[in-house]
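Descriptive analysis of the structure
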Amino acid sequence: MDNIGLIGAASVLAAGLAIGIGGVGPGIGEGNAAHAALKAMAQQPDEAGNITKTLFICMAMCESTAIYAFVITMIILFANPFWNHVIETVAK
Amino acid sequence: MIENFDKIIVFTVFGFGINATIFSTWIIMAILMLLSWLATRNLSHTVGGKVSRVQTAMEAIVKAIHDQIKAADPHNNPMVFMPMIGTFFLFIAVANLLTIIPWFKPPTASLSTSLAYAICVAVVMFVYGFKTAGFLGYLRKYIEPHPIMLPLNIISDIASIFSLAVRLYGNVLSGCVVGTVLLALVPYLIPLPLQLLGLLTGTIQAYIFAILSIMYITSVEPKKRK
């Protein structure tokens with residue numbers, strides 16, 4: 001396979017793997033956080049407002065790792081320096 | 001396909017192309033300044049006197065931010081940090097909430113805006129650390145558990161600043177990109193719940209940015225007895 005094909009195929013594969021594997025950890029983490037929050041709300045229904053607020057903050061922190069993976073995928077797909085370099089070399 | 005909002009030129013002024021990010025920032029600045037002027041036109045203290053509704057609303061918002069800063073950092077007067085943290089929170093919240101207007105490009109969807117705010121937080125972190133703990137006292141934090149942790153502590157500092165920027169940028173940008181993709185695929189009703197989710201995460205990210213910047217800034221301070 002020539003350079004263009006190789007870089008294209010590797011980029012697509014890397015993008016898919018980045019978001020696919022990168023979404024597993026945060027998903028499990030957010031599920032655990034929701035589990036703990038629901039259990040706490042069931043034990044103390046009066047504190048539901050406080051618990052909900054803290055739950056959203058914890059979910060945002062877990063989400064940030066998934067967002068890092070998403071940003072890497074977007075960079076690979078749309079601002080790929082290797083692809084741009086190969087395209088420039090071929091255009092010359 | 002991904003929108004880089006820094007490349008859309010709206011109009012040119014004196015030879016500079018004003019891109020969509022700067023234009024949206026100006027719009028948000030105009031909105032916030034108009035609201036502040038309306039709220040502080042006839043400031044009045046007394047409950048019996050006439051207190052305008054905008055002033056009451058603004059006081060509620062300022063009190064909410066004040067309580068949040070106090071909850072994150074109980075040892076200081078919250079008014080020391082209120083200008084910067086309040087501005088971060090209000091600007092990012094208004095910027096993310098205004099995405100409900102169809103052709104508005106949120107300025108936080110550009111890495112330049114988020115990175116600029118994160119660098120401001122980094123500078124304040126250093127300056128406040130030097131002011132409260134002294135130059136050597138601040139540098140001692142890098143060899144805190146054991147001097148062999150020095151490179152790891154430096155990297156963790158840099159990474160927390162970058163993560164502050166990328167978290168905000170990534171959340172807002174992912175909301176915009178998902179909205180664009182869904183509009184291309186199923187434009188009829190499906191983008192609506194995702195637009196709502198985008199509004200919710202935008203507000204939460206504003207709150208997270210403000211609270212995390214307080215935590216980073218006051219992390220080195222020696223805890224005085226109150």
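Residues numbered from 1 in each chain as written. Chains lettered and ligands numbered in written order. Predicted model: local features only at pLDDT ≥ 70, side-chain atom pairs only at ≥ 80, totals over all residues.

Remarks on the overall build of chain A
The helix and strand tally for chain A stands at 4 helices and 0 strands. Reading chain A from its N end, one meets helices and strands in the order α-α-α-α. Taken over the C-alpha trace, chain A has a radius of gyration of 21 Å; the compact-globule value for 92 residues is 12 Å, which it surpasses by more than 25%. Principal-axis analysis of the C-alpha atoms gives chain A an extent of 70 × 20 × 10 Å. Counting only residues that meet the buried cut, chain A has 9% of its 92 residues in that class. Here the contacts in chain A between residues at least 6 apart in sequence split such that 84% fall between residues at least 24 apart. (Helix = DSSP H or I, 4+ residues; strand = E, 2+ residues; numbered from the N terminus. Rg over C-alpha atoms; globule rule 2.2 N^0.38 Å. Buried ≥ 20, exposed ≤ 12 C-beta atoms within 10 Å, placed from the backbone. Contact = placed C-beta atoms within 7 Å.)

Examining the overall build of chain B
A tally of regular secondary structure across chain B gives 7 helices and 2 strands. If you list the helices and strands of chain B from N to C, you get β-β-α-α-α-α-α-α-α. Seen through its principal axes, chain B has C-alpha atoms that stretch 55 × 55 × 40 Å. The proportion of buried residues among the 226 residues of chain B is 27%. Long-range contacts, defined as pairs at least 24 residues apart, comprise 64% of the intrachain contacts of chain B with a sequence gap of at least 6.

A short note on the nonpolar core
Ranked by internal contacts, the top residues of the largest apolar core, which has 41 residues, are Ile85(B), Phe88(B), Ile92(B), Val121(B) and Phe209(B). Taken together, the elements giving at least two residues each to this core come down to helix 3 (48–78) of chain A together with helix 1 (20–39), helix 2 (53–72), helix 3 (82–97), helix 4 (111–133), helix 6 (150–185) and helix 7 (191–217) of chain B. Residue contributions to this core peak at 8 residues, all from helix 7 of chain B. In contact with Ile92(B), other than residues within four places in its own chain, are Thr108(B), Leu168(B), Gln205(B), Ala206(B) and Phe209(B). (Core = buried A, V, L, I, M, F, W, Y, C linked by C-beta atoms within 7 Å.)

Considering the interface of chain A and chain B
Listed as interface residues are 10 residues of chain A and, on the opposing side, 11 residues of chain B. Class assignment for the residues of the side of chain A that touches chain B results in 9 nonpolar, 1 polar and no charged. (Nonpolar A, V, L, I, M, F, W, Y, C, P; charged D, E, K, R; others polar.)

Focus: the environment of Glu30(A)
All names here are of chain A. One can find Glu30 in helix 2 (residues 24–43). A residue is classified by how many C-beta atoms lie within 10 Å of it, and Glu30, with 18 of them, is partly exposed. Along the chain, Glu30 and Leu55 lie 25 residues apart, while their C-alpha atoms are 9.3 Å from each other.

Points about the packing of helix 1 of chain B against helix 3 of chain B
All names here are of chain B. Between helix 1 and helix 3, whose axes approach to 10 Å, the crossing angle comes to 115°. Between helix 1 and helix 3 the crossing geometry is right-handed. Facing helix 1, whose interface residues are Ile28, Ile31 and Leu32, helix 3 presents Leu90, Phe91, Val94 and Ala95. (Axes fitted to C-alpha atoms, helices over the stretch in contact; angles between N-to-C directions. Left-handed = near helix turned anticlockwise from the far one by under 90°.)

Examining the packing of helix 6 of chain B against helix 7 of chain B
Residues and elements named next belong to chain B. Interhelical geometry of helix 6 versus helix 7 gives an angle of 175° and a closest axis separation of 10 Å. The orientation of helix 6 relative to helix 7 falls into the category roughly antiparallel. Along the contact surface, helix 6 presents Ser160, Leu164, Arg167, Leu168, Asn171, Val172, Gly175, Val178, Gly179, Leu182 and Leu183, while helix 7 presents Pro191, Leu194, Gln195, Gly198, Thr201, Gly202, Gln205, Phe209, Leu212, Ser213 and Tyr216. (Parallel < 35°, antiparallel > 145°, perpendicular 65-115°, else oblique.)

With respect to the confidence of the model for chain B
All names here are of chain B. Mean pLDDT for chain B: 85, with 95% of residues reaching 70 or above. Put simply, strand 1 (residues 9–13) is where chain B has its lowest mean pLDDT, 73, and helix 3 is where it has its highest, 93. Note on the complex model: pTM 0.85, ipTM 0.74. (pLDDT = per-residue confidence, 0-100.)

A few points about the environment of Ile143(B)
All names here are of chain B. Within the secondary structure layout, Ile143 lies in the loop between helix 5 (135–139) and helix 6. Residue class for Ile143 comes out exposed when judged on the 12 C-beta atoms lying within 10 Å of it. The sequence separation of Ile143 and Asn153 amounts to 10 residues, and the corresponding C-alpha distance is 7.7 Å.

Some thoughts on the environment of Thr52(A)
Looking at where Thr52(A) falls in the secondary structure, it is placed in helix 3. C-alpha separation for the pair Thr52(A) and Cys62(A), spaced 10 residues apart in sequence, amounts to 15 Å.

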